[in-house]
Amino acid sequence: MTRKKEIDRDRILDAAERVILESGGRNFTLDAVAERARISKGGLVYSFPTKDGLVRAALEREITRFQEAVRQRLGGRPVEPFELVLAHIDEALDEDDAVTRKAAFLVTALVHAPDMMEPARRYYRALLDPLLSDSGAAYRVRHALLAVEGIFLLRGLGFVEVSAEEHKSVLLYARDVVAGVLAGR
């Protein structure tokens, strides 16, 4: 009796990320991922029956990675929303361009399938909903976060050419807004 060969999901997700990083998402196909993972396309489809399913799994893993990095910055302690946003911005400042572009591709690759966007929606709701306000500190922090995420998408998707210096400048400005609000409390 032969033992069924196991396919490592993380190996497939690693391969998917490498394909995205190498091609900017232009060559992101199941064939390309299978080749990069050194498995058959059938083996890939066994683990991820659709391209959308593969993208969603990669997006969930990326969001989890980013959230964990933010949690580590906060030392695992409970924090208020403004502190969470500050840690989010600090983590974004430390991300390199390749990671930013990969994350932007994953977020937008599922726009055509709204139910697949739920991991990103949950993450952004958790960040933004506590900041709903028409004025005051929450208003300023919310807008700083929206600026950070706006430049993330615009730059990550290549909609606008933004130099690394300008990108960093926007994030630092947003960070200063949030830090100023926290200092004034």
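In case you missed it, the structure is sitting above this.
Residue numbers run consecutively from 1 along every chain, following the written order of its sequence. Totals for whole chains, interfaces and linings use all residues, but because this is a predicted model, local features are given only for residues with pLDDT of at least 70 and pairs of side-chain atoms are given and counted only at 80 or more. With hydrogens and water stripped out, all remaining heavy atoms of the structure feed into the side-chain values.

### Quick notes on the overall build of the chain
Counted only if it meets this: To qualify as a helix, a DSSP run of H or I must reach at least 4 residues; to qualify as a strand, a run of E must reach at least 2; elements of each kind are numbered from the N terminus. Two residues qualify as a contact provided that any one of their heavy atoms is within 4.5 Å of a heavy atom in the partner residue. Computed with a 1.4 Å probe, the accessible areas rest on the Shrake-Rupley method; for each residue, only the protein chains presented here act as cover. We score Asp and Glu as negative and Lys and Arg as positive, and we do not count His or the chain ends. One atom stands in for each charge, and that atom is NZ of Lys, CZ of Arg, CG of Asp or CD of Glu.
Across its full length, the chain holds 9 helices and 0 strands. Moving toward the C terminus, one meets the helices and strands of the chain in the order α-α-α-α-α-α-α-α-α. With the C-alpha coordinates of the chain rotated into their principal frame, the extents come out at 70 × 35 × 30 Å. A separation threshold of at least 6 residues defines the contact pool for the chain, and within that pool the share at least 24 residues apart is 65%. When the accessible surface of the chain is summed, it comes to about 10,600 Å², and 53% of that surface belongs to carbon and sulfur atoms. Charge-centre separation for the chain: the mean point of 28 positive side chains lies 4 Å from the mean point of 29 negative side chains.

### Here we look at unusual backbone geometry
Selection rule: Buried means the residue's accessible area, taken with a 1.4 Å probe over protein chains only, is under 20% of the maximum for its type, while exposed means over 50%, and partly exposed covers the values in between.
Residues other than glycine seldom take positive phi values, yet Arg38 does so here, at roughly 60 degrees. Mapped onto the secondary structure, Arg38 falls in the loop between α2 (30–37) and α3 (41–47). According to the relative accessible area criterion, Arg38 is exposed, its value standing at 74%.

### Some thoughts on empty space enclosed by the protein
The cut-off we apply is this: Cavity: a set of points on a 1 Å grid over the protein atoms alone where a 1.4 Å probe fits but cannot get out. Pocket: an open set with protein on both sides within 12 Å along at least five of seven lines, its lining residues, like those of a cavity, having an atom within 4 Å of a point. Grid points are joined across faces, edges and corners, and a volume is the space filled by probe spheres set on the points. Note that Gly is not counted as nonpolar here; it falls among the polar residues with everything else outside the nonpolar set of Ala, Val, Leu, Ile, Met, Phe, Trp, Tyr, Cys and Pro and the charged set of Asp, Glu, Lys and Arg.
By the definition in use, this model includes 1 cavity of 30 Å³ or more. Taken as a whole, the largest cavity encloses approximately 310 Å³ of empty space. In terms of lining residues, the largest cavity is bounded by 20 residues, among which Phe66, Ala103, Tyr124, Glu149 and Phe152 are the most central. If one sorts the elements of the lining of the largest cavity by residue count, helix α4 (residues 51–73) sits on top with 5 residues. For the lining of the largest cavity, the residue count by class is 13 nonpolar, 3 polar and 4 charged.

### Considerations on the side chain of Lys102
Inspection of the secondary structure assignment puts Lys102 in helix α6 (residues 97–109). Here Lys102 falls in the buried class, since its relative accessible area comes to 7%. Among residues more than four places away in sequence, those in contact with Lys102 are Glu17, Ile20, Leu21 and Glu62.

### Quick notes on the packing of aromatic side chains
As a reminder, the rule being used: Two rings belonging to Phe, Tyr or Trp (six-membered ring only in the last case) form a pair when the distance between their centres is within 6.5 Å. Interplanar angles under 30 degrees mark stacking, angles over 60 mark edge-to-face geometry, and anything in between is tilted.
In the structure shown here, the tally under the stated rule is 3 aromatic pairs. Consider the rings of Phe66 and Tyr123, whose centres lie 6.3 Å apart with planes at 90 degrees: the pair is edge-to-face. Of this pair, Phe66 sits in helix α4 while Tyr123 sits in helix α7 (residues 118–128); the two residues are 57 residues apart in sequence, bridging distant segments of the chain. Comparing Phe66 with Tyr123 shows no difference in burial state: the two are buried. Ring geometry for Tyr123 and Tyr124: centres 5.5 Å apart, planes at 70 degrees, overall edge-to-face.

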